[in-house]
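Structural features, examined
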Amino acid sequence: MIGTERERMEELHFKGVMCGACGQMFPKGQLHRDDWCEACGPRMQRRMRRGRHVVAASITLPFAVWVVIWLRTSPDLGFLPAYAWGLPLVAAYYLGFRIGREVVKGYTRWRLGR
């Protein structure tokens, strides 16, 4: 490496940030808020979108099965009408979606960091 090139790389190392997907160094203001470069951003967003839905569904489906079984076995104990259980199920899916985003992002960074 030439002396000026090495100095530039050292300066970039202290002023730059590594892309969380490809591992290349970029200036701090150039990366997406999740620390992905422009080339990796769309691919990682697609991967995260699918993973978030998988996590949300894996949280919501057991809850939905429990609600259905509970309402069928003892409909007189239901303090909400059967159709009103949709709101807690939607809330469970939303929370699972938010949790899934962090889980998938953490898993992706862990896998790429190995």
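Structural data are supplied above this passage.
Residues numbered from 1 in each chain as written. Predicted model: local features only at pLDDT ≥ 70, side-chain atom pairs only at ≥ 80, totals over all residues. Heavy atoms only, no water.

1. Some thoughts on the pattern of salt bridges
- By the definition in use, this model includes 2 salt bridges.
- Its salt-bridge partner being Arg101, residue Glu102 comes within 3.5 Å of it at the nearest N-O pair.
- On the basis of relative accessibility, which here comes to 46%, the residue Glu102 falls in the partly exposed class.
- What makes Arg101 buried here is its relative accessible area of 14%.
- The shortest N-O distance in the salt bridge between Lys105 and Glu102 comes to 3.9 Å. Linking Lys105 with Glu102, this pair stays in helix 3 (residues 86–113), spanning 3 residues, or about one helical turn. (Salt bridge = Lys/Arg side-chain N within 4 Å of Asp/Glu carboxyl O. Buried < 20%, exposed > 50% of the residue type's maximum accessible area, 1.4 Å probe, protein only. Helix = DSSP H or I, 4+ residues; strand = E, 2+ residues; numbered from the N terminus.)

Function cannot be inferred from these measures alone, as they are strictly geometric.
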